[in-house]
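Observations on the model geometry
The residues making up each chain are set out below.
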Amino acid sequence: MPARTYHHGNLRRAIMDTALQLAEEQGDDQINLREVARRLSVSPSAPFRHFTTQRALVTALAEEATLKLRLLARRELQRAPAEGVEPLRALARAFVAWALDEPAAFRLTSRRNLSDFERSASAMVHFKEMRDLTVSLVEAAQARHALPKAPPQRMALLLRASAYGLVRMHLDGQLQQWLPSGSVPTQPDPLRREVLAALDLLLDAFQAPASDPQPVGRAARAKPLSPSRPRP
């Protein structure tokens, strides 16, 4: 999207949008408030009235992004059947759509060294709801005997890590290299389908037979995860 000259309206919104554009064009580390001001044709000091530092700006972007993920997940779950692992598939669809539709916001949210994410009450509320939601969906699937009786926190972590890793492979240009040569076009949508297909395969592989509610595998015998500071 070409840079726009700012004339009136919501300067804070324009700063955030321009920062995302700058990150997409030049890299996550290249967000600069003075460059944002230049692109918006405002005084160099104008952005500092809304964001005192670059870190504050990235934190605001991360807060907004985690809220969007939370709302998107709710919407997808409302549409999903409450059976088997279908709610977890819906959560995976929400995560993939969130990350691939706004890749700059996804990357900036993931880069904890660029923001004060863990000191942001807003960001942590949204993140903790997503983490707790994932764990609760795993527990619900286990109660339906659709997943093995492994520690739910550990299984939730594995599912999140798998979704995160596949999305990063897509955004970093690695996903195509892991697929059979010529099997998938390079356009975004077919590759997105490959990400979702891989997550579906993982969930299908984990599903325990309906007649066998007993714990499965070494993970079921492992000790529960110790509480620690959450990091997605």
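Summary of the structure given here. (Residues numbered from 1 in each chain as written. Predicted model: local features only at pLDDT ≥ 70, side-chain atom pairs only at ≥ 80, totals over all residues. Heavy atoms only, no water.)

Okay, the packing of aromatic side chains next. Counted by the stated rule, this structure contains five aromatic pairs. Judged by centre distance (5.6 Å) and plane angle (90°), the rings of Trp98 and Phe106 are edge-to-face. We note that Trp98, like Phe106, is buried. These aromatic residues form a ring-pair network of at least three members: Phe95, Trp98, Phe106 and Tyr164. (Phe/Tyr/Trp six-rings, centres within 6.5 Å; stacked < 30°, edge-to-face > 60°. Buried < 20%, exposed > 50% of the residue type's maximum accessible area, 1.4 Å probe, protein only.)

Our next topic: the nonpolar core. In this structure, Leu57, Leu88, Trp98 and Leu108 are the most contacted members of the largest nonpolar core, which totals 60 residues. When contributions to this core are tallied by element, the ones reaching two or more residues are helix H1 (11-26), helix H2 (33-40), helix H3 (54-79), helix H4 (86-101), helix H5 (103-110), helix H6 (121-143), helix H7 (152-171) and helix H8 (188-206). Tallying contributions element by element places H4 first for this core, with 10 residues. Phe117, Ala123, Met124 and Phe127 belong to the second-largest nonpolar core, a separate cluster that totals five residues. (Core = buried A, V, L, I, M, F, W, Y, C linked by side-chain atoms within 4.5 Å. Helix = DSSP H or I, 4+ residues; strand = E, 2+ residues; numbered from the N terminus.)

Our focus in this paragraph is the side chain of Arg112. Residue placement: Arg112 occurs in the loop between H5 and H6. No salt bridge is formed by the buried Arg112; the nearest opposite charge belongs to Glu118, separated by 4.6 Å. There is a polar contact of 2.5 Å between the side chain of Arg112 and the backbone oxygen of Thr109. (Lys, Arg positive; Asp, Glu negative; His and termini not counted. Salt bridge = Lys/Arg side-chain N within 4 Å of Asp/Glu carboxyl O. Polar contact = N/O pair within 3.5 Å; in protein donor to acceptor, adjacent residues only side chain to side chain.)

What follows is about the packing of H1 against H5. Viewed as axis vectors pointing N to C, H1 and H5 meet at an angle of 90°, and their least axial separation amounts to 9 Å. Comparing their axes, H5 and H1 come out roughly perpendicular. Contacts between H1 and H5 involve Leu20, Ala23 and Glu24 on the former and, on the latter, Pro103, Ala104, Ala105, Arg107 and Leu108. When grouped by side-chain class, the residues that make up the contact of H1 with H5 number six nonpolar, no polar and two charged. (Axes fitted to C-alpha atoms, helices over the stretch in contact; angles between N-to-C directions. Parallel < 35°, antiparallel > 145°, perpendicular 65-115°, else oblique. Contact = heavy atoms within 4.5 Å. Nonpolar A, V, L, I, M, F, W, Y, C, P; charged D, E, K, R; others polar.)

Following the sequence through the fold, Glu139 ends up in helix H6. Taking relative accessible area as the criterion, Glu139 reaches 38% and is therefore assigned partly exposed. Separated by 14 residues in sequence, Glu139 and Gln153 have C-alpha atoms that sit 9.0 Å apart.

Everything listed here is a matter of geometry and, on its own, says nothing about what the molecule does.
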